[in-house]
Amino acid sequence: MDLHLKDLFDRFQEQFGSGPGLGPGSGTCLMKVEGVAPNFIKSIFKASAALYRTDPWRRLRPGHFFGIRVGKDLDWSAKKQLFPCVQFIGGDGGDIGFNMFRSENDAKKMTGSRETIRVPNVELLRVTYERESLMFPSNRKMIKSLSLEASGTDRFPVIDVARCTSSGDMQFRDPSLEELRFVYAFMRAISLVHPLLQVDREGGPKWSKLMHFEPFIETVDVQWPPEFSKGYDLVAVTVSHPPGQVYEEKATSTASSTPTKYAEPPKEDAFDDVKVCSNAGSRQCAMCDKEVHGEQSLCCGQCRAMVYCSPICQKQHWKETHKSMCGLYKVMMEKEEELAMKIFMFPCAADQPCKWLESLDIHQKGMWRRRCSCYSHCPFGLLPVKGGLWDSWGGLDDEDYPRDSPFHNHLRDGISSPILLSGWLEYYNLRSLPLSSPVADILSHPLTVYHILTALSISSKNLLLKGREVILHYLGPEGELDWMPAFAEVGHLLNGLGNIQIVMVGPEVPTNLSGTTSGIGSRVRVNLVRGVYQEEATYLPTPHVVVALNCGLDSYVSWVGALDLIKSRGTPAFFTDQNEISCTNAKKVLRSAGLHITLPVTPNPFRSPVKNQGTSCNLPSYSNGFVLGVNT
């Protein structure tokens, strides 16, 4: 009886405040859902824990409704979005979780000033973060048997679908597999975007205590878990506040709603009325490389990507090259806002890297010396090193760079496993870094490698989960040779499980460093080899995966031999490049080499946030911007 009274008191304490939601968990258990696999349940709990760490309840209240759209309506059996309106509950007391409604109207009906109102015949899906001690035995057994990740210290999500009967009683059921997919996509997306909400201090009634936010809409790509997806499928998830927000069409846009693959040739008189490039700054003519400035720049009137010094150059470029690519450029230009990273608070333009680094007071300091041309006279890997992590990060404040220390509180039942990350926001939260810290620009390389090993390469991920070593051949290193302290973060993210041997091979490796081995922390070892990959590979340990970052596949003839070797060995390989255009060209090179592309061009969640607009167009162009894979 004493234990029973204690549970009742704990429940009373947890719900004391602004009132309860719909009461305690219903006893539903995900193990009973038809078609659900244990690995998918693990993925759901990981997504739930990642959302919990972002603490949305710190700012969000039931009155803040979010619109949610996961993929297309046709993706779902009912040909419509399952639960397109969401609210967070428990921010000022009561059950902590979120409710998902069939419509905004249902959400408003059930949202009271002090507690969730029971409305007959309204169905909602709810996710409640319950303490393990208060959960039903079936859920506790599932958590133990599957070693599911906790949210916080002792909370776990309970997912059920609730419905109030006409008599006022509550009925509960297990969610369907399709509904769990919808919840998973929402949790992954909202954890990335809710911190972007900007407070509107002028909005809302003066007497209201509810925090008001500026209208908001953001689309992010969510990757289905490997055990559930078909070939690493991505789904676009759009989150809006309040619901019903739509994207504003740019006044400068000339794109139709359905872009064509190839643009039709412009009429002759169109060249007399070319559009003026609105972006200020220096550019080069795409045809003759002449430098043009601001209002003197002429853009292609259809894709608005290519820049010219005169209509004569525009006509010539159209005939020689641009005609076949204009449609693809147009599609990319339409994605410019979608692909832009808006979470970081430091300036993100790298057209003039020296000025950018000076604005952050890290110019010609530490590892940042490789981000501009001021040290181009010094061979890669041979920058003078003073020593110490503070010096390596250019003297940033202590809270602005990751410490050389493990991640804490990532053990489940005393068992460690690699930390899976969905993007920069989750990483910054884990390391308690402010969004004003520019370290993501350098960390893009090691975290892209980590993302490939733990999210894209199933064989490598399985080896790490078994505590074994993964051998990775890293082709064509340059600036990375001076960023070894940043690669220590890969070892910390392994979280005590598995090892990685990185063999960096390329002509830029200095002769006096070739053949050396460095231990980067306790779980990452780096070997340096000078030479061309296909000539040196015979003497190297057989790789589990090959990686080439920002490789420019379509620009170097020397790739032919390397690709032939990768094909003959059947080694899984991943390539990154700056934008979708260059990756599309890389696909042609890979196909011509007889390689089978198994991972399509995919936005890289760990691309560098520093945008380089390039010299002749305005295309979104980031270091490690997109990734594609072969033999995977």
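The name given to the chain in an unreviewed UniProt entry is MYND-type domain-containing protein, with the source organism recorded as Quercus rubra.

Undergrad: I would appreciate a short explanation of the overall build of the chain in the present structure.
TA: From N to C terminus, the chain includes 16 helices and 23 strands. Burial analysis of the chain (632 residues in total) assigns 53% to the buried set. Nonlocal contacts in the chain, meaning residues at least 24 apart in sequence, comprise 70% of its contacts between residues at least 6 apart. Total accessible area computed for the chain in this model is approximately 28,500 Å², and 51% of it derives from carbon and sulfur atoms.

Undergrad: I tried to follow the sheet that holds strand E4 (residues 123-131) on my own but got confused; where do I start?
TA: If you walk across this open sheet you meet the eight strands as E6-E5-E4-E3-E2-E1-E8-E7, and the pairing is antiparallel. The open sheet has two edge strands, strand E6 (170-173) and strand E7 (216-223), and neither has a second partner. Direction aside, the axes of adjacent strands within the sheet are offset by 30° on average. Two strands pair when backbone bridges link them, and strand E2 (residues 85-89) and strand E3 (residues 97-101) are joined in this way by five bridges, in the antiparallel orientation. Looking across to E3, one finds that Cys-85 is bridged to Phe-101.

Undergrad: Could you clarify how one ought to interpret the packing of aromatic side chains in this entry?
TA: In this description, a pair of aromatic rings is defined by centroid distance and the angle of the planes. Throughout the structure, instances matching the rule amount to 24 aromatic pairs. Ring geometry for Phe-88 versus Phe-98: centroids 5.7 Å apart, planes at 55°, classification tilted. With Phe-88 in strand E2 and Phe-98 in strand E3, the pair connects residues that are 10 residues apart, well separated along the chain. Its relative accessible area of 0% is what places Phe-88 among the buried residues. When the centroid spacing of 6.3 Å and the interplanar angle of 35° are considered together, the rings of Phe-88 and Phe-186 count as tilted. Residue Phe-88 is found in strand E2, and its partner Phe-186 is found in helix H5 (residues 177-193); the two are separated by 98 residues along the sequence. In terms of burial, Phe-88 and Phe-186 fall into one category: buried.

Undergrad: Would you mind going over the packing of helix H11 (residues 440-456) against helix H13 (residues 484-493) with me for this structure?
TA: Helix packing geometry: the angle between the two helix axes and the distance between the axes. Contact geometry of H11 with H13 gives a least axis separation of 8 Å together with a crossing angle of 35°. Judged by the twist between their axes, the crossing of H11 over H13 is right-handed. Between H11, through Ile-442, Leu-443, His-445, Pro-446, Leu-447 and Tyr-450, and H13, the contact on the second element is made entirely by Ala-486, Phe-487, Glu-489, Val-490 and Leu-493. Of the residues that constitute the contact of H11 with H13, the class distribution is nine nonpolar, one polar and one charged.

Undergrad: Can you walk me through the side chain of Thr-602 in this structure?
TA: Here Thr-602 is to be found in strand E22 (residues 597-603). A distance of 2.7 Å separates a polar side-chain atom of Thr-602 from the backbone oxygen of Pro-600. Residues in contact with Thr-602, not counting those within four places in the same chain, are Leu-234, Gly-625, Phe-626 and Val-627.

Undergrad: Looking at this structure, I do not really get the state of the cysteines. What am I missing?
TA: On inspection of all chains with the given rule, the structure shows zero disulfides. Unpaired in this structure, Cys-326 has its nearest cysteine sulfur neighbour in Cys-300, at a distance of 3.9 Å. On the accessibility criterion, Cys-326 (1% relative accessible area) is buried. The thiol sulfur of Cys-372 is not disulfide-bonded, and the nearest other cysteine sulfur, from Cys-374, lies at 3.6 Å.

Undergrad: Looking at this structure, I do not really get the sheet that holds strand E21 (residues 573-577). What am I missing?
TA: In sheet architecture, strand pairing relies on hydrogen bonds along the backbone and comes in two forms, parallel and antiparallel. The strand order across the open sheet formed by eight strands is E18-E19-E17-E16-E20-E21-E23-E22, and the pairing between neighbours is mixed. Sheet topology places strand E18 (517-520) and E22 at the edges, where each strand pairs with a single neighbour. Geometrically, the sheet is characterised by an average inter-axis angle of 20° between neighbouring strands, direction not taken into account. Here strand E16 (residues 469-475) pairs with strand E17 (residues 499-506) via seven bridges, running parallel. Counterpart to Ile-471 in the pairing with E17 is Gln-501.

Undergrad: Can you walk me through the packing of helix H6 (residues 311-334) against helix H16 (residues 580-592) in this structure?
TA: Between H6 and H16, the least distance of the axes is 10 Å, while the angle of their chain directions is 135°. Here H6 is positioned oblique relative to H16, judged by the angle of their axes. In this structure, H6 uses Met-325, Leu-328, Tyr-329 and Met-332 to contact H16, whose residues at the interface are Glu-580, Ile-581, Thr-584 and Asn-585.

Undergrad: Looking at this model, I keep getting lost on the pattern of salt bridges. Mind explaining?
TA: Considering all chains together, one arrives at 17 salt bridges under this definition. Note that Asp-361 is salt-bridged to Lys-365, the shortest N-O span being 3.5 Å. Look at Asp-361 and you get exposed, because its relative accessible area is 52%. Its relative accessible area of 31% is what places Lys-365 among the partly exposed residues.

Undergrad: It is not clear to me how unusual backbone geometry should be interpreted in this structure. Could you clarify?
TA: Leaving glycine aside, a negative phi is the common case for residues, and trans is the common case for peptide bonds. Geometrically, the link from His-241 to Pro-242 is a cis peptide bond, its omega value of -10° lying close to zero. Structurally, Pro-242 is set in the loop between strand E8 (234-241) and strand E9 (275-276). With phi around 60°, Lys-79 is a residue other than glycine that occupies positive phi space. Here Lys-79 is to be found in the loop between strand E1 (66-70) and E2.

Undergrad: Sorry, what's going on with the nonpolar core here?
TA: Nonpolar side chains tend toward joint burial in soluble globular proteins. In terms of nonpolar packing, the biggest core is built from 121 residues, with Phe-98, Trp-393 and Trp-424 touching the most fellow members. For this core, the element with the highest residue contribution is H5, accounting for 11 residues. In contact with Trp-424, not counting residues within four places along its chain, are Met-341, Ile-343, Phe-344, Ala-440, Leu-443, Ser-444, Leu-447, Pro-605, Phe-606, Arg-607 and Pro-609. With 45 residues, the next largest nonpolar core counts Ala-305, Val-503, Ile-566 and Ala-586 among its residues.

Undergrad: I'm lost on the environment of Met-142 in this one. Help?
TA: Mapped onto the elements of the fold, Met-142 is located in helix H4 (residues 137-146). You can call Met-142 buried: its relative accessible area is 3%. Along the backbone, Met-142 and Pro-38 are 104 residues apart, and their C-alpha atoms lie at a distance of 9.5 Å. If near-sequence neighbours (up to four positions away) are discounted, Met-142 is found in contact with Cys-29, Leu-30, Met-31, Ile-41, Phe-45 and Leu-148.

Undergrad: Help me out: how do you make sense of helix H15 (residues 559-569) in this one?
TA: Structurally, the α-helix is built with 3.6 residues per turn, so residues lying three or four positions apart point the same way. Those residues of H15 lying buried are Trp-559, Ala-562, Leu-563, Leu-565 and Ile-566. Looking straight down H15, one finds that the buried residues subtend no more than 160° of arc, so they occupy a single side. Turning to H15, the residues buried within the fold contact E16, helix H14 (533-536), strand E20 (545-548), E21 and H16. Remark: Gly-570 follows H15 within two positions and exhibits a positive phi of approximately 70°.

Undergrad: Which parts of the structure should I look at to understand the confidence of the model for the chain?
TA: Caution applies to low-pLDDT regions: their predicted coordinates should not be interpreted in detail. Considering every residue of the chain, the mean pLDDT works out to 83; 85% of them sit at 70 or more. Ignoring residues within four places in sequence, the model shows residues 11-19, a span with pLDDT below 50, making 29 contacts including any to other chains. Throughout residues 248-280 the model reports pLDDT below 50, and contacts reaching past four residues in sequence, or to other chains, amount to 59 contacts.

Calculation criteria
Residues numbered from 1 in each chain as written. Predicted model: local features only at pLDDT ≥ 70, side-chain atom pairs only at ≥ 80, totals over all residues. Heavy atoms only, no water. Helix = DSSP H or I, 4+ residues; strand = E, 2+ residues; numbered from the N terminus. Buried < 20%, exposed > 50% of the residue type's maximum accessible area, 1.4 Å probe, protein only. Contact = heavy atoms within 4.5 Å. Areas by Shrake-Rupley, 256 points an atom, 1.4 Å probe, with all protein chains shown as cover. Pairing = 2+ DSSP bridges. Axes fitted to C-alpha atoms, helices over the stretch in contact; angles between N-to-C directions. Phe/Tyr/Trp six-rings, centres within 6.5 Å; stacked < 30°, edge-to-face > 60°. Left-handed = near helix turned anticlockwise from the far one by under 90°. Nonpolar A, V, L, I, M, F, W, Y, C, P; charged D, E, K, R; others polar. Polar contact = N/O pair within 3.5 Å; in protein donor to acceptor, adjacent residues only side chain to side chain. Disulfide = S-S within 2.5 Å. Parallel < 35°, antiparallel > 145°, perpendicular 65-115°, else oblique. Salt bridge = Lys/Arg side-chain N within 4 Å of Asp/Glu carboxyl O. Core = buried A, V, L, I, M, F, W, Y, C linked by side-chain atoms within 4.5 Å. Arc of directions from axis to C-beta. pLDDT = per-residue confidence, 0-100.

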